[in-house]
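Breakdown of the fold
Chain residues, written in single-letter form:
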Amino acid sequence: MFEHVDAYAGDPILSLNEAFQKDPRAGKINLSIGIYFDNDGRIPMLPSVRAAELAVVEVAGPRPYLPMEGAANFRSAVQALLFGADHPAIKAGRIATIQGVGSSGGLKVGADLLKRYFPDSKIYLSDPTWDNHRAVFEGSGHTCETYPYYDPATGGLRFDAMLAFFKALPTRSIVVMHACCHNPTGVDLTQDQWRALVPVIRERGLLPFLDLAYQGYGDGIDEDAFAPRLLADEGLSFLIANSFSKSMSLYGERCGGLSVVCPDADQAARVLGQMKFMIRRNYSNPPMHGGQVVAKVLTTPVLREMWEAEVADMRERIQSMRRQLHDVLAAKLPGRDFSYFLTQRGMFSYTGLTAEQAERLKTEFGVYILRSGRMCVAGLNTRNVEATAEAMAAVLAG
């Protein structure tokens with residue numbers, strides 16, 4: 001019956017992680033998968049999240065189905081986190097928010113919504129972007145193309161080319177953008193560059209779809225929400241998917257959201273209704289537990305303060321690893337410029353290694369990064385950063 005079904009080639013990131021697990025070498029180093037590990041190489045249990053979970057469990061009662069759009073307290077907490085509690089767009093009721101199954105679920109709901117109501121609009125992804133972006137949007141029937149983004153010569157951003165490309169896009173084109181901590185490159189737009197995009201987005205009638213999976217890992221909780229707040233301040237319509245996997249270390253709970261900022265409350269109500277329909281015919285409604293833990297952290301002042309300090313500690317540890325990696329590489333290969341490790345932000349960096357060099361790094365040294373050259377900086381710690389840098393230097397030196 002199923003002989004015609006093709007074999008699945010596997011996800012490149014998860015498959016590489018599986019290969020790492022099977023590697024018998026004691027000194028192997030996993031910099032492939034996008035998970036934050038602490039300095040002991042463990043996924044942390046944040047004290048704020050643990051306290052919130054205990055509080056949620058203590059008053060636990062019956063577990064009915066949540067509404068299709070998710071829990072009201074979670075949805076309102078997400079809006080306040082992304083836009084600020086007193087933002088005029090929230091008060092005007094022009095933001096439609098659903099509780100998703102992680103931000104990936106939010107992306108999928110958004111992709112289905114856009115395919116139904118913008119059927120002729122193409123999706124434009126940054127070159128490069130997270131591999132699953134293309135899979136999600138193409139899986140919903142969209143045609144995906146790319147816009148200029150990363151400059152391999154400088155390890156920075158091709159902003160002039162990107163701006164010119166946006167100016168030439170057809171009206172109602174959908175541009176998928178990382179709000180901060182770009183995955184896979186770690187290269188972000190500056191605040192001035194976001195401001196320069198606003199008139200182009202407005203004049204061309206573009207529809208941004210922001211992905212915010214790493215809020216707090218760039219410059220701070222509020223600072224990393226600059227892009228959605230700017231677009232909302234400017235009265236633009238856009239979508240934004242956000243995640244709590246990294247910022248609250250809740251990977252397996254699949255906590256995230258999707259918000260659509262609309263011109264007015266009437267359009268927001270209709271958009272919310274259609275998102276509910278998309279959810280009903282997919283997974284019907286989101287799970288309860290993780291979302292309530294998130295809501296408890298975000299709405300309890302003492303837990304919110306704890307959480308923000310914990311995120312700051314994680315952010316600063318990643319920055320420390322960037323500095324140590326840079327210093328060893330600069331000392332080993334003094335003729336090369338590794339400053340991009342210091343300017344790129346968040347969990348990921350493009351190392352500049354080719355696919356062949358990444359393979360050699362894995363085979364000879366047991367250091368696992370993606371064939372694209374992307375590394376997860378959050379997998380580094382004080383015990384493996386020097387060995388990683390020395391291995392990279394050896395590979396780069398030929």
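So, here is what we can say about the structure in this document. (Residues numbered from 1 in each chain as written. Predicted model: local features only at pLDDT ≥ 70, side-chain atom pairs only at ≥ 80, totals over all residues. Heavy atoms only, no water.)

**Re the sheet that holds strand β8 (residues 207-212)**
Remark on secondary structure: sheet strands pair via backbone hydrogen bonds, oriented parallel or antiparallel. One open sheet holds the 7 strands; their spatial order is β2-β10-β9-β8-β7-β3-β4, and the pairing between them is mixed. Both outer strands of the open sheet, β2 (95-101) and β4 (144-148), are each paired with one neighbouring strand and no more. Averaged over all adjacent pairs, the angle separating strand axes in this sheet is 25°, with direction ignored. Looking at chain direction, strand β9 (residues 238-243) and strand β10 (residues 255-261) are connected through 6 bridges and run antiparallel. Across the sheet, residue Ala241 finds its bridge partner in β10, namely Leu258. (Pairing = 2+ DSSP bridges. Helix = DSSP H or I, 4+ residues; strand = E, 2+ residues; numbered from the N terminus. Axes fitted to C-alpha atoms, helices over the stretch in contact; angles between N-to-C directions.)

**Focus: the state of the cysteines**
Throughout the structure, instances matching the rule amount to 0 disulfides. Take Cys181: it sits in no disulfide, and the sulfur closest to it among the cysteines is that of Cys180, at 3.8 Å. Of the residues examined, Cys181 reaches a relative accessible area of 1% and is grouped as buried. (Disulfide = S-S within 2.5 Å. Buried < 20%, exposed > 50% of the residue type's maximum accessible area, 1.4 Å probe, protein only.)

**Some points on the pairing of β9**
With 6 of 6 residues buried, β9 is to be regarded as a mostly interior element. Burial of β9 is two-sided: the residues Phe238, Ile240 and Asn242 facing one way and the residues Leu239, Ala241 and Ser243 facing the other way are all buried. Of the pairings in the sheet, the one linking β8 to β9 comprises 4 bridges and is parallel in character. Within β9, the position partnered with Leu210 by the bridge is Ile240. Crossover connection from β8 via helix α9 (residues 226-233) to parallel β9: handedness right-handed. (Right-handed = clockwise from strand over helix to strand, strands pointing away.)

**Some remarks on the environment of Pro208**
Relative to the helices and strands, Pro208 is located in strand β8. Along the primary structure Pro208 and Ser237 are separated by 29 residues, whereas in three dimensions their C-alpha atoms are 7.7 Å apart. Not counting residues up to four positions away in its chain, the partners in contact with Pro208 are Val175, Ile201, Leu231, Ser237, Phe238 and Leu239. (Contact = heavy atoms within 4.5 Å.)

**With respect to unusual backbone geometry**
The amide bond that connects Asp127 to the next residue, Pro128, takes the cis arrangement and shows omega of 0°. In this fold, Pro128 is placed in the loop between β3 (123-127) and α6 (131-139). A cis amide bond, omega 25°, links Asn183 with the succeeding residue Pro184. Inspection of the secondary structure puts Pro184 in the loop between β7 (174-178) and α8 (191-204). Residue Arg172 is not a glycine yet carries a positive backbone phi of 70°. Relative to the elements of secondary structure, Arg172 occurs in the loop between α7 (159-167) and β7. A relative accessible area of 49% means that Arg172 is categorised as partly exposed. The backbone phi angle of Arg254 is positive, close to 55°, even though this residue is not glycine. Note that Arg254 resides in the loop between β9 and β10. Exposure remark for Arg254: the relative accessible area of 31% places this residue in the partly exposed category.

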